[in-house]
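Descriptive analysis of the structure
The lines below spell out each chain.
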Amino acid sequence: MVYEAQLGHPGGDFSATDILATLYFGVMRYDPSNPRDPQRDRFVMSKGHCTGAFYSVLARAGYFPEADLATYMQPLSMLNGHPNRNYLPGVETNTGPLGHGLPVATGIAIAGQIDKADFRTFVLTGDGELQEGSNWEAALTAGHRKLENLTVIIDRNRLQQGAGTEDTASLDPLDDKWRAFGWHVEIVDGHDHQQLLDLLSASPKGRGKPLCVIANTFKGKGVSFMHDNVAWHHGVPNKDQYEQAMRELV
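Here goes a summary of the coordinates provided. (Residues numbered from 1 in each chain as written. Predicted model: local features only at pLDDT ≥ 70, side-chain atom pairs only at ≥ 80, totals over all residues. Heavy atoms only, no water.)

Right, let's talk about the overall build of the protein for a bit. A count of helices and strands for the protein gives 9 helices and 7 strands. For 250 residues, the compact-globule estimate of 2.2 N^0.38 gives 18 Å, and the C-alpha radius of gyration of the protein, at 17 Å, lies within 12% of that figure. Its C-alpha atoms put the protein at 50 × 45 × 30 Å along the principal axes. A sequence separation of at least 24 residues applies to 76% of the contacts in the protein between residues at least 6 apart. Accessible surface computed for the protein: about 11,200 Å², of which carbon and sulfur atoms make up 52%. Side chains of the protein carry 22 positive and 30 negative charges; the gap between the two charge centres is 6 Å. (Helix = DSSP H or I, 4+ residues; strand = E, 2+ residues; numbered from the N terminus. Rg over C-alpha atoms; globule rule 2.2 N^0.38 Å. Contact = heavy atoms within 4.5 Å. Areas by Shrake-Rupley, 256 points an atom, 1.4 Å probe, with all protein chains shown as cover. Lys, Arg positive; Asp, Glu negative; His and termini not counted. Charge placed at Lys NZ, Arg CZ, Asp CG, Glu CD.)

Here it is in structure tokens:
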């Protein structure tokens, strides 16, 4: 998709793919034929620039034909560079400006709490994105309201646009920060499906706290020249790189 569009953020796509696949094919409750089912679990893709992975999973989940992926970022395509709920089924809220996803997801979880609904709300954030203060306002609110049906998953690849997160504005000790805000924290290998599945599929009932999952990942996972390489935050492979990447992924 990125190669044909000549646009995209493949490094972050690959760091998030295992998390998205586990959520959609092992954890979440949803019905592609009824995308606004009130009983559905909600997912917010806060790192909205990583639509290559997100759209691929939505298509495989049945929200729209996989053939439509060929229109990625084309003029008038519903597959924008950032997800738009007005165009695409399965998108809960428009994202792209970083730091907005967790606040929106917190609001969704509060609504569920007020309604005494049993749906769960999941949000996937980048780690560099946590340098936005709006996330910490939301974290404070969620901890205060004991939103046990809310889960934030942090794609902890330690790279952001142009540099490492710890060189830009250090986040560590990240787990202690979330605990201080009233969250239950777990640290997992973000590329280990079984670890992700065991943790995310467990019932949140009785925990009394929202859940923060720090998923240690690698930017560009699965492609040797992209692996842990900040240069591939965004970028487009040339023909030789594209063919090499496809061989390695297969």
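Attention now moves to the packing of aromatic side chains. Considering all chains together, one arrives at 11 aromatic pairs under this definition. Relative to Tyr242, the ring of Tyr3 lies with its centre 4.3 Å away and its plane at 5 degrees, an arrangement referred to as stacked. With Tyr3 in helix H1 (residues 2-5) and Tyr242 in helix H9 (residues 239-249), this pair connects stretches of sequence that are 239 residues apart. A residue is classified by how much of its surface remains accessible, and Tyr242, at 30% relative accessible area, is partly exposed. (Phe/Tyr/Trp six-rings, centres within 6.5 Å; stacked < 30°, edge-to-face > 60°. Buried < 20%, exposed > 50% of the residue type's maximum accessible area, 1.4 Å probe, protein only.)

Moving on to the pattern of salt bridges. The final tally for this structure, using the stated rule, is 13 salt bridges. Here Glu92 makes a salt bridge to Arg40, at a shortest N to O gap of 2.8 Å. Taken together, the residues Glu92 in the loop between helix H3 (51-61) and helix H4 (101-115) and Arg40 in the loop between helix H2 (10-27) and strand E1 (42-45) connect sequence positions 52 residues apart. With respect to class, Glu92 is no different from Arg40; both count as buried. Salt bridges sharing common partners tie together Asp127, Arg156, Arg158, Glu166 and Asp172. (Salt bridge = Lys/Arg side-chain N within 4 Å of Asp/Glu carboxyl O.)

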